[in-house]
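# Analysis of the macromolecular model
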Amino acid sequence: MKISGKVALITGGAGGLGKAFAAALLRAKAKAVCLVDISSRGKEVAEDLRLQYPPSQVDFYHCDVMNYDLFKGAFDFVQKRFGAIDIVCNNAGMAASDHNVSGSIRTLRLNLEAVYFGTKLGMDYMDKESGRGGVIINVASMAAFLPLMGSMCYNASKAGVVALTKSAGVPEQYEMTGVRVNALCPSFTETPLLDTSSGLREMIAQLPNHPIMSPEYVAEGFQQLVENEELCGAVMRVTPQKGIEIVPNRRKDRNSSSKL
Ligand SMILES: NC(=O)C1=CN([C@@H]2O[C@H](COP(=O)(O)OP(=O)(O)OC[C@H]3O[C@@H](n4cnc5c(N)ncnc54)[C@H](O)[C@@H]3O)[C@@H](O)[C@H]2O)C=CC1
Ligand SMILES: CCCCC/C=C\C=C\C(=O)C/C=C\C/C=C\CCCC(=O)O
């Protein structure tokens, strides 16, 4: 998809990766980006981006994406204000350690249930019947494949996002909806999330050949998932060792004898 002139909604847009994704779209001349976030920091982030990337419009919509009705309100706001939605990024996320039961449950709800909400809403608003087609990027993590010790629900939520995205992005579905759905799986990236768990930075420092990546580098992968029309149901890894790569997909060709 050509980003120029398009309208995007990004959850967790006040955070490190969300801001970098918004900036990438604005550099590519998106018409408008709406940052959807539970943190009121989103107001300053939107103002900062607005000043950096005129004449694009940057809005902040305050909402808890774990509440379906409130999240739908964000879609209604963007649809009404700009007449269409083209790009949805389900990026809001959190992590909790296994000792923290309520935090772990909240992690599952935010990282997986709210991504389901955002994927369903994205399809409802962008499909060929009510919209003009579009693309949904769901932010998972390398933790979907290489589990982080001590955070079962974080790892499970991210593996769930990969499976959900593959299901939503099967070619047969795309033919009906005109909406591509892809997953982005970064490794450790320099954002405030890394400071939510004590000892995490020390643990990362012990990993061989594993520098923390910049959000701008991860945003290069995000932009490819938006722009490349070939990618649907695709899962992209972004790691310091291997860079930006698509995970081979055995179910890519709908005429293939293997549907697995
Ligand atoms: N930083 C990293 O190393 C990696 C992060 N990720 C994923 O990237 C995504 C973005 O995370 P970061 O930018 O790193 O963290 P961050 O903490 O900077 O941003 C997360 C944003 O989500 C927002 N948020 C939290 N609960 C919300 C809710 N209920 N409703 C709406 N917004 C809510 C926060 O206010 C925050 O602005 C997450 O899904 C995370 O799991 C994936 C791989 C690596
Ligand atoms: C206990 C709370 C966990 C805190 C999690 C906080 C941030 C998580 C960020 C990620 O999503 C991590 C991304 C990747 C981790 C998975 C694998 C790292 C690969 C290391 C290796 O090369 O072995």
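One can find the structure itself at the top, above this paragraph.
Everything in this summary refers to the structure shown in the same document. These numbers were taken from a predicted model, which means no experiment stands behind them. (Residues numbered from 1 in each chain as written. Chains lettered and ligands numbered in written order. Predicted model: local features only at pLDDT ≥ 70, side-chain atom pairs only at ≥ 80, totals over all residues. Heavy atoms only, no water.)

Attention now goes to the environment of R132. With respect to the helices and strands, R132 occurs in the loop between helix 4 (101–126) and strand 5 (134–139). Taking relative accessible area as the criterion, R132 reaches 54% and is therefore assigned exposed. Non-local contacts of R132, meaning those with residues more than four positions away in its chain, are made with A84, D86, M126 and D127. A polar side-chain atom of R132 sits 2.7 Å from a polar atom in the side chain of D86. (Helix = DSSP H or I, 4+ residues; strand = E, 2+ residues; numbered from the N terminus. Buried < 20%, exposed > 50% of the residue type's maximum accessible area, 1.4 Å probe, protein only. Contact = heavy atoms within 4.5 Å. Polar contact = N/O pair within 3.5 Å; in protein donor to acceptor, adjacent residues only side chain to side chain.)

Before going further, it helps to examine the side chain of S56. Here S56 lies in the loop between helix 2 (41–52) and strand 3 (57–62). If near-sequence neighbours (up to four positions away) are discounted, S56 is found in contact with L26, A30, K31 and R50.

Another point: the site of ligand 2. Taken together, 19 residues sit near ligand 2, with S141, L146, Y154, F188 and H210 positioned nearest. Here an oxygen atom of ligand 2 sits 2.6 Å away from a polar atom, N or O, in the side chain of S141. About the coverage of ligand 2: the protein hides 84% of its 640 Å² of free accessible area. A per-class count over the shell around ligand 2 returns 11 nonpolar, 8 polar and no charged. (Near = heavy atom within 4 Å. Areas by Shrake-Rupley, 256 points an atom, 1.4 Å probe, with all protein chains shown as cover. Nonpolar A, V, L, I, M, F, W, Y, C, P; charged D, E, K, R; others polar.)

Here we come to the pairing of strand 1 (residues 7–11). The buried fraction of strand 1 is high, at 5 of 5 residues. Going residue by residue along strand 1, you find V7, L9 and T11 tucked away on one face and A8 and I10 tucked away on the opposite face as well. Bridge count between strand 1 and strand 2 (residues 32–37): 5 bridges; the pairing is parallel. Looking at strand 2, one finds that A8 is bridged to V33. Crossover strand 1 to strand 2 through helix 1 (residues 16–27) is right-handed. Direction of pairing for strand 1 relative to strand 4 (residues 87–90): parallel, over a ladder of 3 bridges. Residue pairing across strands places L9 opposite V88, the latter belonging to strand 4. (Pairing = 2+ DSSP bridges. Right-handed = clockwise from strand over helix to strand, strands pointing away.)

This paragraph deals with the side chain of T177. Counting through the fold element by element, T177 comes out in helix 6 (residues 171–177). Of the polar contacts made by the side chain of T177, one reaches the backbone nitrogen of V179; its length is 3.0 Å.

Time to look at the site of ligand 1. The immediate surroundings of ligand 1 are formed by 29 residues, with D37, D64, Y154, T189 and T191 found nearest. A distance of 2.9 Å separates an oxygen atom of ligand 1 from a polar backbone atom of G16. Between ligand 1 and I38 there is a distance of 3.3 Å, counted from a nitrogen atom to a backbone nitrogen or oxygen. In the complex, 93% of the free accessible area of ligand 1, which totals 820 Å², lies under the protein chains. Those elements giving two or more residues to the shell around ligand 1 turn out to be helix 1 and helix 5 (152–168). For the shell around ligand 1, a count of residues per class yields 15 nonpolar, 10 polar and 4 charged.

If you trace the backbone, A28 turns up in the loop between helix 1 and strand 2. Under the relative-accessibility criterion, A28 is labelled buried at 19%. Along the primary structure A28 and K2 are separated by 26 residues, whereas in three dimensions their C-alpha atoms are 8.6 Å apart. In this view, A28 contacts I3, S4 and Q223; residues no more than four positions away in its chain are not counted.

Between its first and last C-alpha, helix 1 extends 17 Å over 12 residues, near the 16 Å set by a 1.5 Å rise per residue. For helix 1, the buried fraction is high: 9 of the 12 residues fall into the buried class. Every buried residue belonging to helix 1 is among L17, G18, A20, F21, A22, A23, A24, L25 and L26, and all of these are buried. The positive-phi residue at the C-terminal boundary of helix 1 is K29, with phi of around 70°. (Expected span 1.5 Å × (residues − 1).)

This part takes up the pairing of strand 2. Burial analysis of strand 2 places 6 of its 6 residues in the buried class, which makes it a mostly covered element. Of the two faces of strand 2, the one lined by A32, C34 and V36 and the one lined by V33, L35 and D37 are each fully buried. Summarising the sheet, strand 2 and strand 3 pair through 6 bridges and their orientation is parallel. The partner of V36 across the bridge, within strand 3, is Y61. The β-α-β motif built from strand 2, the intervening helix 2 and the parallel element strand 3 has right-handed crossover chirality.

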